[in-house]
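Next come the chains, spelled out residue by residue.
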Amino acid sequence: MMDRRFFYGTFSTAMMLAAAAIFVFVNLLAGEFNFSQDLTAEQIFSLSDQSRDFLAELDDNITITFVAHVGREHEMFLGSIIDGLLEEYDAASPRIRTERRDPLLNPAVIHHFAAESGVPGGIIELNTVVVESGTEIRVILPHEMLERPPGVGINVEREITRAIQHVTQGTAGVIYYVIGSGEPTLPQEFLAFLQGENFTLREINLLTHDVPPDADILFIPMPARDWTEIKAGRIRDFLAAEGNAFFALDHMHEPMPNLAAVLDAYGLALTGRFVHESDPQNVLDLRMLGMPIFILPVPVPHEITQTLLAHDFVNVLPIFPAEMQIQPVRRTTLTIEPLWTTSHNARTYIFDPDTQEMLRAPNEPNSPNAPNEAGAPPFPLAVAVTDRIFADGTAYYTRIIVAANLEFIDPLYAANFGEGNWHFVLNSLRQMLNEPPAVWIPSRVPPGYAPVLIDDAGANLIGIVAMGGVPLVCIAFGMFVWLKRRFG
């Protein structure tokens with residue numbers, strides 16, 4: 001036993017057993033605790049603080065199911081992100097349980113998901129996520145987890161958190177989109193955005209129908225012609241009965257006394273003039289890129305705008321929005337708060353149909369004044385109106401939001417400047433229903449997916465280096481080798 005070979009053999013065996021024991025212990029420890037580290041620049045495999053704060057207050061049990069082939073969840077990059085985030089959801093709240101279902105091994109479960117959710121065609125695709133709570137179910141298809149408008153961003157966390165909010169809190173509210181007087185069609189992309197935030201949207205022709213009793217909010221766009229007295233009366237009656245409305249107005253091409261009467265009842269008016277922003281800091285001139293000029297409205301601190309400011313959302317309006325006047329004489333029950341304004345350098349113009357040109361509006365004051373002073377900058381571009389009436393010791397509220405433009409919800413703005421305008425509408429709708437601002441989760445860009453943008457100066461530098469610098473270096477190196485060999 002004192003032999004050297006026996007001693008070293010015993011020592012080696014002990015070390016091998018110790019290494020095996022440590023290996024087993026570490027694996028057992030890793031199975032009990034999550035020691036993974038997300039090293040991606042945008043933390044695409046980690047939950048944001050917004051989701052964690054929301055999940056920490058869950059009162060309902062949630063089941064999140066990932067539809068994928070067992071053992072092949074990571075074949076596609078989207079699947080690997082989903083699988084990684086589900087572990088984060090599982091660890092974030094004891095109320096959440098995650099599972100993986102293979103459509104080949106669990107066909108009955110997959111058919112149940114399709115039947116309960118009403119998925120078109122009854123087909124549940126791979127990389128689909130299903131969120132359930134009690135009898136509520138929400139199916140998230142793979143294309144819904146990709147950036148909208150189409151891009152390179154991934155919205156897995158956003159859609160799953162939205163789905164959890166939907167199955168636990170139900171529908172945020174029922175919005176009726178007013179038609180019948182030449183109002184434009186609501187953009188499908190904007191409609192999908194609001195539906196993704198758990199709102200139910202329906203159309204209503206108030207020329208022929210009363211406002212339905214389940215209506216929480218009327219979305220009222222600028223009509224092409226004036227309302228009838230019946231339509232205006234139905235809107236007034238709805239608002240007087242603690243109704244809520246979002247007005248997306250624009251220029252009046254002809255007198256609209258019935259529309260004007262409804263606005264006047266809430267201390268507002270459309271003057272018929274156009275607002276022109278003169279401060280270059282609030283103008284976005286993209287004509288060099290083949291696009292028009294835009295206005296950057298000045299946000300006023302408010303419950304509606306606070307999350308927009310906190311998350312650096314960009315709000316953009318087209319050039320020459322309509323001038324909206326806050327009436328200096330109005331009912332004392334009204335509280336009117338500007339949400340967007342122009343700068344103090346803005347001016348108003350009128351359109352001359354004879355010359356087809358914009359002319360400076362006459363008699364415009366030159367000195368800056370408060371935004372509720374008629375005709376003086378800064379001009380309000382969006383306002384929040386609250387009508388508080390006391391009856392029998394109880395306060396009754398009517399809330400309306402009025403924006404001086406309709407075009408700003410166009411998908412063109414979301415595609416080029418982000419969803420800031422849509423989130424302004426979303427926050428307005430939630431504020432009217434006394435709900436907190438929506439949980440906002442930004443898109444994530446996977447490593448290597450972001451496009452590399454090179455300006456003209458960078459392209460010229462690369463060209464000079466490639467066509468001039470590299471050949472010169474090769475020639476210099478060749479000369480050095482030749483001289484070295486020639487002269488030793």
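About the thresholds
- Residues numbered from 1 in each chain as written.
- Predicted model: local features only at pLDDT ≥ 70, side-chain atom pairs only at ≥ 80, totals over all residues.
- Heavy atoms only, no water.
- Helix = DSSP H or I, 4+ residues; strand = E, 2+ residues; numbered from the N terminus.
- Pairing = 2+ DSSP bridges.
- Contact = heavy atoms within 4.5 Å.
- Axes fitted to C-alpha atoms, helices over the stretch in contact; angles between N-to-C directions.
- Patch = residues over 30% accessible without salt bridge, like charges linked within 9 Å, V, L, I, M, F, W, Y side chains within 5 Å.
- Areas by Shrake-Rupley, 256 points an atom, 1.4 Å probe, with all protein chains shown as cover.
- Salt bridge = Lys/Arg side-chain N within 4 Å of Asp/Glu carboxyl O.
- Buried < 20%, exposed > 50% of the residue type's maximum accessible area, 1.4 Å probe, protein only.

Draft legend 1. Region of the structure containing the environment of Thr 348. Take Thr 348: it is sitting in strand E16 (residues 347-352). On a C-alpha basis, the gap between Thr 348 and Ala 376 in space is 9.1 Å, while along the polypeptide they are 28 residues apart.

Draft legend 2. Region of interest: the sheet that holds strand E7 (residues 217-221). Across the sheet, eight strands lie side by side as E6-E5-E7-E8-E19-E18-E15-E12; this open sheet has mixed pairing. Among the strands making up the open sheet, the edge pair consists of strand E6 (199-205) and strand E12 (298-299). Across ten bridges, the pairing between strand E18 (residues 380-391) and strand E19 (residues 394-403) is antiparallel. Pairing of Asp 387 across the sheet is with Thr 398, part of E19. Lying on the sheet, helix H6 (residues 188-196) is in contact with E6 and E7; it crosses E6 at an angle near 130°. Against the sheet, helix H11 (residues 420-432) contacts strand E5 (173-179), E6, E7, strand E8 (244-248), strand E15 (334-341), E18 and E19, and its axis sits at roughly 160° relative to E8.

Draft legend 3. View of a nonpolar patch on the surface. A surface patch of nonpolar side chains, amounting to about 680 Å² of accessible area, comprises Leu 472, Ile 475, Met 479, Trp 482, Leu 483 and Phe 487. Within the secondary structure, Phe 487 sits in helix H12 (residues 456-487). Under the relative-accessibility criterion, Phe 487 is labelled exposed at 61%.

Draft legend 4. Spotlight on the sheet that holds strand E11 (residues 293-295). Spatially, E10-E11-E13 is the arrangement adopted by the three strands of the open sheet, whose pairing is antiparallel. The two strands at the open ends of the sheet, each matched to only one other strand, are strand E10 (283-285) and strand E13 (317-318). Pairing of E10 with E11, which is carried by three bridges, proceeds in the antiparallel orientation. Within E11, the position partnered with Asp 285 by the bridge is Ile 293.

Draft legend 5. Structural detail: the environment of Leu 263. Secondary-structure assignment places Leu 263 in helix H8 (residues 257-265). Look at Leu 263 and you get buried, because its relative accessible area is 4%. Sequence-wise, Leu 263 and Phe 247 are 16 residues apart; in three dimensions their C-alpha atoms are separated by 9.7 Å. Look past the residues within four positions of Leu 263 in its chain and what remains in contact with it is Phe 247, Leu 249, Leu 268 and Leu 270.

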